[in-house]
Each structure stands twice: as C-alpha cells, then as structure tokens.
Amino acid sequence: MYGRDPWGGPLEINATDSATDDDRSRNLQDLDRAALSRPLDETQQSWLLGPGEQKKKKKYVDLGCIIVSRKIFVWTVGTLLVSALLAGLITLIVKTVPRHHHRHSPPDNYTLALHKALMFFNAQRSGKLPKHNNVSWRGNSGLQDGKSDPSVLMKDLVGGYYDAGDAIKFNFPASFSMTMLSWSVIEYSAKYEAAGELNHVKEIIKWGTDYLLKTFNNTADTIDRIAAQVGIGDTSGGSSAPNDHYCWMRPEDIDYPRPVYECHSCSDLAAEMAAALASASIVFKDNKAYSQKLVHGARTLFMFARDQRGRYSAGGSDPALFYNSSSYWDEFVWGGAWLYYATGNSSYLQLATHPKLAKHAGAFWGGPDYGVLSWDNKLAGAQVLLSRLRLFLSPGYPYEEILSTFHNQTSIIMCSFLPVFTSFNRTKGGLIQLNHGRPQPLQYVVNAAFLAALYSDYLDTADTPGWYCGPNFYSTDVLREFAKTQIDYILGKNPRKMSYVVGFGNHYPKHVHHRGASIPKNKIKYNCKGGWKWRDTSKPNPNTLVGAMVAGPDKHDGFRDVRTNYNYTEPTLAGNAGLVAALVALSGDKATVIDKNTIFSAVPPMFPTPPPPPAPWKP
C-alpha cells in the first residue's frame, strides 16, 4: 500500500498487523534519502538519523519544562559562575580592606539642648520617683503632702513638680508649663520622635496632669474648691517658722508641716488647669480612657472658673507674693480655645471668640506688655492658637470677624519681635527685653521664640510666604531667624560667652539657686538652718542641675553666678517649658514641619453658617 509522501516521494507503508517496531524502524532506515525532493528541518531529520549521528549534532538542552539552545545554556551557566566568583572577590576585598565610616551628621545644638532641658523636669519631681528618673541625687519626697494639713478636703497631694529652687508646688505656673509642653508635642511630635524624646516628654506631661487631677474632685461634674498650692514661702515680718523659703533643705529631708492653700473662687487658676488637661487630652488621644478623664476634668474646671468668678491670688494670700495673677479674662480665651480643640464643642469656640471677652482680655489695646506670653498672660498664645483655626479650617461666620482680628493682631505681635521695630529694646548683645529690663528675662524670651518659630511654620504649611508689617512684607524666614538668634544667645552666643542652660556647653552657671542641687547627697540630714552653709558657700553646687535655664542676665548683658541672687540664677518650671517648646520648634530638619491635623482630631467637619440676610430696603 502506498501513501502520499508529503515530502515528495513514494512511501511504502507495511500494513501487516504483526509487523514489529524493529521491522518498521528497519524499513525507515532503508529509505533512499536521495529520493527526498527538498532539505529536511532538524526535527524531521531527527526522525531519520541514527542514534550515533543524533548525539553528534544535538544543539538543544532539555531542561524538563523548557528546551533551550545549548549555546545559550552554556553562556548563561558560565556567566552565573563568573558573576558569583566576582561577587565573592568583591565581598572579600570590602571585608578585608580598611575603610572610613560615613557617620550621620551630628545632632544640631537645639536637639542637644533639648535632651538636657527635658532632664530639668526629672530633677523637679515630687513624690515617689520612678526607677528610671535618671537624676542620681534626687529621691522620694513630699510623701505626706495633703495628709499633714487636716483642714483640706484633698488628702492625697503626693506628686507633681517643685516650682523652682524651693519645694513649693504652685498649680498656676505648673499648669501653664504642662499646657506649653502639650502644645509643643501636638505640633512637633515628629521632631520629638526624631530626637528620641517623644515618650520622655509625654511621661513628663503625665506626671504633671496626674497631679493636677488630684487637686480637685475630678470625678464630679461640679466642684467648689481647688488645692492651689502645697507649701508656703512667706518670710515677711521676720518670721522664723520653718517653711519652704526660710529653710534651705533637700526636699527629701523636709520634716516641717506643709500647709495646703485652697481656693473657692479662682477663675484664672481653674481655666489654666482646664487648658492643661484639655491640651494633654489631645497628646494622649490614643489612650482613650485617660484622654476622656482629662477632658472631663477640663470641663469641670472650666465650668467652675466661669461660675465662681475671682482671682486665685487674692490680696494677702501666699500665691500673691510669688505668682500673682493680673486677671482671668485671658485664661477664659486660652482655656476656651483648648477645650474647643479637645472636644469639638462649638460652645467653647463661641466663648473664646466673643468680642466682649477679647476686650476684657486686652485684645484691643496695646500696653507695655502687649504680645508677651507668660505664666500670667496667655492672650498672645491664645491669639496664635486661634489664628491656626482660621489658617487651616476657616470656619467662617459667625467666627470670622474675631478670628480675623486675632490673626491681624498676631501679625502685629510678630512685627514687634523684629529688630527693625522699637516695641521692645534689645541689649547690646541682642537679647530682646520683653520685660523691659526687669529681672528674670529669659522665661519671656523663650516663649516669644516658640511663638515666632511656630507661626512661621503655620504660614509655611499654609503656603503663605510671609506677612505684612504695615506696607512692608516680611518672609517667614525672618521670624525663624529671630527665634534662632534669641535661643542662640541663651545657648552661649552672648557677650559673656556663657550658656544659660546648665550642662550645655563648657561655660554655664555653677551656683544655681536650687536647694537639692546645692546640698550634697552624703547621708547627712541638714536641718532648716543647717543648710544655710550650703546656700551661702562660694563653692559650686555639688550636683549638676542638668538642663535648667536660669533666670538670665540683666539689661546690660551682665550676669552674676551667685546662689543667693535668685534674679540671676534661679530656674523655673514655666521658663523651662518655654525653652523646651522653642528648642523642639527649631530642632532637626526644617523640612519636618508641624502636624497639621492632630489638633483638629475632635473637631467635626465644618459647614459655615451663612450670614443673616441684610435688612429689607426701605425708601
């Protein structure tokens, strides 16, 4: 039987069923290859070639799943082997040849100073100290606070912070300090994180807010009193009764009674405490239970502040001698703004932006201290805080008018900081005299530096290149430069080449007005008068109060490193809080700007109310 050969020749097919595979194979091999009319491709030839010939001409490699050219296979394997050898050789050279390590750029001065400035708060802690407090010469103290005064309602007043170089716990400046620290964390948490200090600063804030919660009935919706102060310092009239100013003792050794000062009508203190708890509630928003506890306490305090009007430092009281409050209207604006951010409740915003409240707070008139943020006057801080709302959320009517006014006044305050204006004098060394040459200037300077750096970041984040001072336009860089020059002065760029932050640089105050730092921890308990020898000695303090910013130089850039002169050498909580805030604002990379949204976490979406229609036209 013949079949059509597809390649052009006859092909005989043996149809015998019994033919073996060998017979068929033999028949195929006997074919006359000359009969093929055209060349065969390789696959077709492989059917005809014998085993020996096939091995000779095999150009492909069967890898199981694919078939590749032998040449490509050899080249690929060879390349891989050579590459492996080269890689091994390079690794060997890198491991054995000495090389220079490229280190990360060192931290800037502001970051280095920030680490130290935060340590001051560790040294000021009262109560039972945590094991990781890292201040070797401090120990547990004030463990009887509250219990030793039978006349007060709050019996557990252990904890909190000593205010300065003494052992008094003043709620008013302490609350302001916690508000400033919280504000700086809310705005610059990324910078704290980069510096490795975020957990530390949050722990510092919590130590303060935990104590503030003890000073009133924080579980109640209404209260009638606050424990405003623990310890007294009045030494007028020649009294020699042991107290926290007459005695020079380590806090750990105090054995005299520490009276508690309660207030029943203290709007300024209650509103400032409300600001501290409200701002901290945003810092701790991830800890829902604690955050809600802080918010509840802030609401209760603010209601008390509004209902029971009066200044906490009434005439003749101990607080009036040290932290006398000039008014409570600025705290109403400040506390109302913080409660709005913490709760999103518009009633607080309505209060904070009420024109009459702003008028009473001094928003519409100048005065020598206008624009100076301090533990007493919060107006400048409140104006910057509410300008933030206008810049980023712009709530419109009915808030726009007063927010616009606050925004314009913030611009005027920023203008007053610039050297081209004469609102404030400067020393020959360049330090701005915000307190007009009075003692202890640095606490005001650091607050101004913080506001300037922060407002500069607000404008940058809002894609606004600067602001107007009259007809002149100034870049945001000018504000940042002001902040830098002032902080640089404090860190050592001054005529005395002295750092006013203890432990920073090589030349800093060695006779800080501070009881704990000036008395050695030598297991000897010095009594009330026995410690005077340490107060009056000309020797340097045996303990370094790391990070403490002292009160500062005089208006002529002069400074006396004398322990008994507190106007030069005493540090305070409020001063260091402002320093920390300014340092973190200036630290790190300028590309890391503010946290635009966290402060608005509780604020609901805004749908501005349309203004009322105009009155009907009458001819």
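Just so we're clear, the structure is a prediction, and the values are computed from it rather than from any experiment. (Residues numbered from 1 in each chain as written. Predicted model: local features only at pLDDT ≥ 70, side-chain atom pairs only at ≥ 80, totals over all residues. Heavy atoms only, no water.)

Peer 1: Residue-level account of the packing of aromatic side chains, with values.
Peer 2: All chains considered together, the criterion is met by 30 aromatic pairs. Seen from their ring centres, Trp329 and Phe332 are 5.8 Å apart, and the 90° between their planes marks the pair as edge-to-face. Here Phe332 and Trp329 lie together in helix α11 (residues 329-343), a separation of three residues that amounts to about one turn. For the pair formed by Trp329 and Phe332, the shared burial category is buried. (Phe/Tyr/Trp six-rings, centres within 6.5 Å; stacked < 30°, edge-to-face > 60°. Helix = DSSP H or I, 4+ residues; strand = E, 2+ residues; numbered from the N terminus. Buried < 20%, exposed > 50% of the residue type's maximum accessible area, 1.4 Å probe, protein only.)

Peer 1: So what's going on with the nonpolar core? Residues and values would help.
Peer 2: Membership of the largest hydrophobic core comes to 161 residues, with the highest contact counts inside it found for Trp183, Ile226, Trp338, Tyr341, Phe450 and Ile487. In terms of residues, this core owes the most to one element, helix α16 (residues 442-461), which gives 14 residues. (Core = buried A, V, L, I, M, F, W, Y, C linked by side-chain atoms within 4.5 Å.)

Peer 1: Hey, could you go over the UniProt feature "active site" (unreviewed entry) in the protein chain for me, with residue numbers and the actual values?
Peer 2: In the UniProt entry, the feature "active site" (unreviewed entry) is given for His513, Asp561 and Glu570. For the residues just named, distributed over 58 residues, the greatest C-alpha separation is only 10.2 Å, placing them together at one site. Mapping His513 onto the fold places it in the loop between α17 (476-491) and α18 (515-518). In this structure His513 comes out as buried when scored by relative accessible area, which is 10%. Aside from chain neighbours lying at most four places away, what touches His513 is Gly165, Trp248, Arg563, Thr564, Tyr566, Thr569, Glu570 and Pro571. Within polar-contact distance, the side chain of His513 engages the backbone oxygen of Arg563 at 2.7 Å. For Glu570, the location among the structural elements is in the loop between α20 (566-569) and α21 (573-586). Judged by its relative accessible area of 16%, Glu570 falls in the buried class. Beyond its immediate sequence surroundings of up to four residues, Glu570 is in contact with Ala164, Gly165, Asp166, His513, Met549, Val550 and Ala551. (UniProt positions renumbered as here; feature names shortened; annotations may be inferred. Contact = heavy atoms within 4.5 Å. Polar contact = N/O pair within 3.5 Å; in protein donor to acceptor, adjacent residues only side chain to side chain.)

Peer 1: Which residues make up unusual backbone geometry, and what values go with them?
Peer 2: Of the consecutive residues Tyr397 and Pro398, the connecting peptide bond is found in the cis state with omega at 5°. Structurally, Pro398 can be placed in the loop between α14 (379-392) and α15 (400-417). In this structure, Asn134 takes a positive phi of about 65° despite not being glycine. Secondary-structure assignment places Asn134 in the loop between α5 (109-123) and β5 (169-170). Despite not being glycine, Asp463 shows a phi value in the positive range, around 55°. Note on placement: Asp463 falls in the loop between α16 and β8 (466-469).

Peer 1: How would you explain the state of the cysteines if you had to name every residue and give the values?
Peer 2: Within this structure, the stated rule accounts for three disulfides. Paired through a disulfide, Cys263 and Cys266 show a sulfur-sulfur distance of 2.1 Å. Residues Cys263 and Cys266 are joined through a disulfide that is right-handed, its torsion about the S-S bond being 70°. One exposure class covers both Cys263 and Cys266, and it is buried. Covalent S-S linkage joins Cys415 and Cys469, the inter-sulfur distance amounting to 1.9 Å. The sign of the S-S torsion, about -100°, decides the handedness of the disulfide formed by Cys415 and Cys469: left-handed. (Disulfide = S-S within 2.5 Å.)

Peer 1: Kindly report on helix α8 (residues 267-283), identifying the contributing residues and their values.
Peer 2: With 17 residues, α8 ought to run about 24 Å at 1.5 Å a step, and its terminal C-alpha atoms sit 24 Å apart, in line with that. Burial analysis of α8 places 17 of its 17 residues in the buried class, the great majority of the element. (Expected span 1.5 Å × (residues − 1).)

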